[in-house]
Amino acid sequence: MQSHFSSCELDRIPKELLGLKSPPKRLFFTGDTSLLDISPKVAIIGTRKPNQYTQIQTTNLAKSISQAGGVVVSGGALGVDIIAHSAALPRTIMISPSSLDTIYPASNSKTIFQIATNGLILSEYENNKTPQKYDFLHRNRLVIALSDIVIIPQADKASGSLYSANLALESKKPLFVLSHRIGESLGTQDLLLEEKAEAIFSIEAFLQKIGLQELTLDSSSGDYAEILDFCKGSPSFEEAYLRYGEEILALELEGKITRTNGRVVVQ
């Protein structure tokens with residue numbers, strides 16, 4: 001696989017970024033810049049070590065936002081970020097902490113190349129830039145500024161995600177988190193306790209709140225056929241759910257698939 005891809009300089013800085021105290025002087029991109037003109041843009045950022053519940057719900061949220069016409073913005077990091085990008089493709093924007101001649105993190109290179117091909121990647125750096133610790137905070141300010149709404153599915157106390165939460169609050173962006181069990185995701189639990197964020201209990205209700213309409217599964221659509229084709233390989237239910245989210249539950253309710261010994265079987 002290539003170690004980098006070519007990039008160009010944007011001819012204009014997106015208006016959402018111009019209000020920053022230190023707006024980027026130049027931005028470099030690879031991919032589809034028409035995504036910059038779509039609203040709403042929803043930032044999904046969080047821990048690099050999400051639990052299984054967060055993995056599933058981040059996938060569901062990002063996929064639903066994308067299918068309903070929104071765009072998912074994130075930072076390409078391990079964990080929540082790359083899960084959100086992958087589920088939202090092709091309607092996703094990644095803000096890179098490195099220049100585009102350096103794929104970072106390298107372990108996410110497969111998905112990052114998919115974003116470069118089908119979505120959009122932006123960077124403040126022209127070339128020869130490997131990220132240092134402070135560059136992640138610089139990246140996060142662009143992720144938040146570019147977005148209309150911010151979701152933090154899971155975060156620990158004193159984490160970089162909470163820095164991003166503070167940026168969202170300072171700029172008066174609506175901030176949402178997932179509800180977790182007691183003792184989990186203590187950073188987002190604090191945001192709820194302090195009434196700084198709103199919990200997402202229903203993806204459908206969340207989409208309606210931000211002005212999007214959930215896509216209804218159509219049995220005649222190619223997506224339906226794609227899911228059934230995938231399930232013919234008898235994947236584990238967990239694998240199928242991570243990939244297709246609540247659509248798997250809908251198919252199960254319709255009797256199109258069943259669970260047998262933890263695996264999906266097409267009827």
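Let me sum up the structure you'll find in this document. This one's a predicted model, so the numbers in the text were calculated from it and none came from an experiment.

### Topic: the pairing of strand β10 (residues 257–260)
Part 1 of the reasoning: As paired strands, β10 and strand β11 (residues 263–266) are joined by four bridges and run antiparallel to one another. Paired with isoleucine 257 across the bridge in β11 is valine 266.
Part 2 of the reasoning: Two successive antiparallel strands, β10 and β11, enclose a turn made up of two residues, where asparagine 261 displays a positive phi of approximately 50°.

### Overview of the side chain of glutamine 154
Part 1 of the reasoning: By the element assignment, glutamine 154 lies in the loop between β7 (149–152) and α5 (160–170).
Part 2 of the reasoning: Here glutamine 154 falls in the buried class, since its relative accessible area comes to 8%.
Part 3 of the reasoning: Polar side-chain contacts of glutamine 154 include one of 2.6 Å to the side chain of threonine 54.

### Points about the packing of helix α1 (residues 52–67) against helix α2 (residues 80–88)
Part 1 of the reasoning: One way to put it is that α1 packs onto α2 with a least axis distance of 8 Å and a crossing angle of 40°. Classified by the interaxial angle, the pair formed by α1 and α2 is oblique. Note that α1 runs across α2; the crossing there is right-handed. Contact residues: Thr54, Gln55, Thr58, Thr59, Ala62, Lys63 and Ser66 in α1; Val80, Ile83, Ala84, Ala87 and Ala88 in α2.
Part 2 of the reasoning: Tallied by class, residues from the contact of α1 with α2 come to six nonpolar, five polar and one charged.

### Regarding the packing of helix α4 (residues 133–146) against α5
Part 1 of the reasoning: At their nearest, the axes of α4 and α5 sit 10 Å apart, and the two run at 40° to each other. Here α4 is positioned oblique relative to α5, judged by the angle of their axes. Seen along the crossing, α4 lies across α5 with a hand that is right-handed. Across from Leu137, Asn140, Arg141 and Ile144 in α4, the residues of α5 making contact are Gly160, Tyr163, Ser164, Leu167 and Ala168.
Part 2 of the reasoning: Taken together, the residues of the contact of α4 with α5 break down into five nonpolar, three polar and one charged.

### Looking at the environment of leucine 61
Part 1 of the reasoning: Here leucine 61 lies in helix α1.
Part 2 of the reasoning: Taking C-alpha positions, leucine 61 is 9.8 Å from isoleucine 200, a pair spaced 139 residues apart along the chain.
Part 3 of the reasoning: Once you skip the residues sitting within four places of it in the chain, leucine 61 turns out to touch Ile151, Leu178, Ile200, Ile203 and Phe206.

Basis of the calculations
- Residues numbered from 1 in each chain as written.
- Predicted model: local features only at pLDDT ≥ 70, side-chain atom pairs only at ≥ 80, totals over all residues.
- Heavy atoms only, no water.
- Pairing = 2+ DSSP bridges.
- Helix = DSSP H or I, 4+ residues; strand = E, 2+ residues; numbered from the N terminus.
- Buried < 20%, exposed > 50% of the residue type's maximum accessible area, 1.4 Å probe, protein only.
- Polar contact = N/O pair within 3.5 Å; in protein donor to acceptor, adjacent residues only side chain to side chain.
- Axes fitted to C-alpha atoms, helices over the stretch in contact; angles between N-to-C directions.
- Parallel < 35°, antiparallel > 145°, perpendicular 65-115°, else oblique.
- Left-handed = near helix turned anticlockwise from the far one by under 90°.
- Contact = heavy atoms within 4.5 Å.
- Nonpolar A, V, L, I, M, F, W, Y, C, P; charged D, E, K, R; others polar.

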